[in-house]
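# Breakdown of the fold
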Amino acid sequence: MDTFIDRALNRITMFRLMLYYAAGLLAVAFGLGFFKLVPSDPTALTFSVVIIGGVCWLTNRLFAALQHVPVNTESVYITGLILALIMPPVSAANLIGVAGLVLACVVAISSKFILAIGRKHIFNPVAIGVAVSALVLDQPATWWVGGNLALLPFVLIGGLLVTRKVQRFDMIGIYILANLAMTLATTAPQMLGEALKETFLYSPLLFAGYAMLTEPLTAAHGRWSRLSYGAIVGALSSPNSHIGDFYLTPEIAFLVGNLFAYTASPKGRVKLTLLRIEKIASGCYDFVFKPDRKVFFQPGQYLDWTLGVRSPDDRGNRRPFTIASAPTEKEIRLGVKFYPKPSAFKRQLAAMKPGDVIYGSQGAGSFVLPKSPDEKLAFIAGGIGITPFRSMVQDLLDRREGRSIVILYGNNRLDEVAYSDLFDQAETELGLRTVYAVVEDEVSSHTMHRGFIDEDLIKREVPDFNERTFYVSGPRAMVIKFQHMLKELGVARSRIKVDFFPGFA
């Protein structure tokens, strides 16, 4: 079952999964409405969805045309669906209610373009939209999807899948604990039972966490800043949180958290112009871009890449990819492996010509080298999972910094090995050692091993494995396998750092 879920999640992007999650909840709510199990009337819900969808789509088209950026239809639909799940459904006769929906939609979508610095929007679009609707027209969000017991199982199941996909259980956990701590600290002892019941069964806590806290563009990215972000939003969204007579709402909590995330996280959206495409191995290519300004990142971090895909498939037009270049290089490299029947995103990427443009968020991620150069390391890479290590090794070469590193690099065939010249150079100049594991081809070099990377190979090539911190990068199934293998070898969990590629199609 574990493998089935992983395979299913790996086939779609985080954004498409969120789209399915929100759309599924809306469909279930629509069905339950006929049996009076949710407070919304199906007719009113349908009318509201039509209004929200139309206004969000039109607003996004308008601003995208004005600013000449790709239209991210998937993001628009997600924003609209979440708005439909938390704003009260209205009928055509309720003019002030309709105006509230329209205002929330216009503000939510336009905030991505207007309330942005360096092409990066600051506030969660849904949060700013409903906050303005409440402030200007007194039409607040009711968060009805999170306050309904009949919908709770669907909120939980879909939300856990989203959290698993983005690997943010730590952030969701601290968010819930902070909310719970604030609620308990501000509730009379005789009311604790009722407060806990309201928190977990009839509040927006869980849905807001799953659907909005995980939104990557306005969340914090570093581990500690991510946990702090979750704690801030969780504590402030407690029903008892207030400043004087002003009681905070979940959307206000998110806006405060977004301000913290913006100050604590990498900023800006960069425009990247393709210079050339270099073949680095069988089916693997480096796309080399010129950024319109300096991109700040650490070796091993990733960018969220947005491409103007003409007909996006179920994986959308936005994808996280590790940066293959080093911060010391002026150009930005994206290493990509192309498989049979690639996604629409990769087909569009493969069709790019010099001069074409793609957009990326600033670098993020915690898969980076330790600060101490004395810490002994071991890298394990599978296939195109070698790209973060290319970034790290190139950076060490450029800075002439020697470290004790052993690289175990696995592929099916010899012609799939990428960046071998760079690793050979690092061995000569810095003393780094690379062992290539090849499954199908015969090998002759002493630096090559016939077969998979296994326990015996690790013991033979990294005899001091218990003294090293391991970095593992590749497909999720491979990463999980090596996590278990290293733990069985006695490597402490704290000395295993992982990075996985959520999909390859």
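Residues numbered from 1 in each chain as written. Predicted model: local features only at pLDDT ≥ 70, side-chain atom pairs only at ≥ 80, totals over all residues. Heavy atoms only, no water.

### Some remarks on the pattern of salt bridges
Where side chains of opposite charge bring their charged atoms close, a pairing between them can arise. Inspection of the entire model under this criterion finds 20 salt bridges. The closest approach of N and O atoms between Glu278 and Arg333, which form a salt bridge, is 2.9 Å. Within this pair, whereas Glu278 is found in strand β5 (residues 269–281), its partner Arg333 is found in strand β9 (residues 332–337), the two being separated by 55 residues in sequence. A relative accessible area of 24% means that Glu278 is categorised as partly exposed. The exposure class assigned to Arg333 is buried, which follows from its relative accessible area of 11%. A salt bridge links Lys376 to Glu467; the nearest nitrogen and oxygen atoms lie 2.9 Å apart. Taken together, the residues span a long stretch of sequence, with Lys376 in the loop between β10 (357–361) and β11 (377–382) and Glu467 in the loop between α16 (455–461) and β15 (469–475) at a distance of 91 residues. (Salt bridge = Lys/Arg side-chain N within 4 Å of Asp/Glu carboxyl O. Helix = DSSP H or I, 4+ residues; strand = E, 2+ residues; numbered from the N terminus. Buried < 20%, exposed > 50% of the residue type's maximum accessible area, 1.4 Å probe, protein only.)

### Looking at the environment of Leu369
When you line up the elements, Leu369 lands in the loop between β10 and β11. Sequence separation of Leu369 and Val498 is 129 residues, and the distance between their C-alpha atoms is 12 Å. Excluding its chain neighbours within four sequence positions, the residues that come into contact with Leu369 are Pro299, Leu377, Phe379, Met392, Leu396, Arg403 and Tyr471. (Contact = heavy atoms within 4.5 Å.)

### Overview of the packing of helix α8 (residues 169–185) against helix α10 (residues 205–213)
Contact geometry for α8 and α10: axes closest at 11 Å, N-to-C directions at 145 degrees. In this structure, α8 meets α10 at a crossing whose hand is right-handed. Residues Met171, Ile172, Tyr175, Ile176 and Asn179 of α8 form the contact with α10, whose participating residues are Leu205, Leu206, Ala208, Gly209, Tyr210 and Leu213. Along the lines of polarity and charge, the residues of the contact of α8 with α10 split into 9 nonpolar, 2 polar and no charged. (Axes fitted to C-alpha atoms, helices over the stretch in contact; angles between N-to-C directions. Left-handed = near helix turned anticlockwise from the far one by under 90°. Nonpolar A, V, L, I, M, F, W, Y, C, P; charged D, E, K, R; others polar.)

### As for the environment of Pro250
Checked against the element boundaries, Pro250 lands in helix α12 (residues 250–264). For Pro250, a relative accessible area of 15% gives the class buried. When sequence neighbours within four positions are dropped, the list of residues in contact with Pro250 reads Trp143, Pro204 and Ser237.

### A short note on the pairing of β11
Along β11, 6 of the 6 residues are buried, which leaves the element largely enclosed by surrounding structure. Relative to strand β12 (residues 405–411), β11 is paired through 6 bridges, and the arrangement is parallel. Bridge pairing in β12 links Leu377 to Ile405. You can see the chain leave β11, run along helix α14 (residues 387–399) and come back into β12, and the turn it takes is right-handed. Where β11 lies against β15, 5 bridges are found, and the strand directions are parallel. Bridge pairing links Ile380 to Val472 in β15. (Pairing = 2+ DSSP bridges. Right-handed = clockwise from strand over helix to strand, strands pointing away.)

### A look at the packing of helix α4 (residues 73–86) against helix α5 (residues 95–111)
Relative orientation and spacing of two packed helices are given, respectively, by the angle between their axes and the distance between those axes. It is at 11 Å that the axes of α4 and α5 come closest, and there the two elements cross at 145 degrees. Here α4 and α5 pass one another in a crossing that is right-handed. On α5, the residues that touch Val76, Thr79 and Leu83 of α4 are Ala104, Cys105, Ala108 and Ile109. For the contact of α4 with α5, the class distribution of residues is 6 nonpolar, 1 polar and no charged.

### As for a nonpolar patch on the surface
Among the surface-exposed residues, Phe30, Phe34, Phe35 and Leu37 lie close enough to one another that they form a single nonpolar patch of about 450 Å² accessible area. Take Phe35: it is sitting in the loop between α2 (14–33) and α3 (42–67). Overall, the relative accessible area of 64% leaves Phe35 in the exposed class. (Patch = residues over 30% accessible without salt bridge, like charges linked within 9 Å, V, L, I, M, F, W, Y side chains within 5 Å. Areas by Shrake-Rupley, 256 points an atom, 1.4 Å probe, with all protein chains shown as cover.)

### Digging into the pairing of β9
Counting buried positions along β9 gives 6 out of 6 residues, so the element sits mostly inside the fold. Burial along β9 is two-sided: Ile332, Leu334 and Val336 facing one way and Arg333, Gly335 and Lys337 facing the other are all buried. Of the strand pairs in this sheet, strand β6 (residues 284–291) and β9 are connected by 6 bridges, and their pairing is antiparallel. Paired with Cys284 across the two strands is Lys337, which belongs to β9.

### Notes on the packing of aromatic side chains
This structure, assessed with the given rule, holds 12 aromatic pairs. Aromatic pair Phe30 and Phe34: ring centres 5.2 Å apart, planes at 85 degrees, arrangement edge-to-face. With relative accessibility at 32%, the residue Phe30 sits in the partly exposed group. Relative accessible area serves as the criterion here: at 54%, Phe34 is assigned to the exposed category. (Phe/Tyr/Trp six-rings, centres within 6.5 Å; stacked < 30°, edge-to-face > 60°.)

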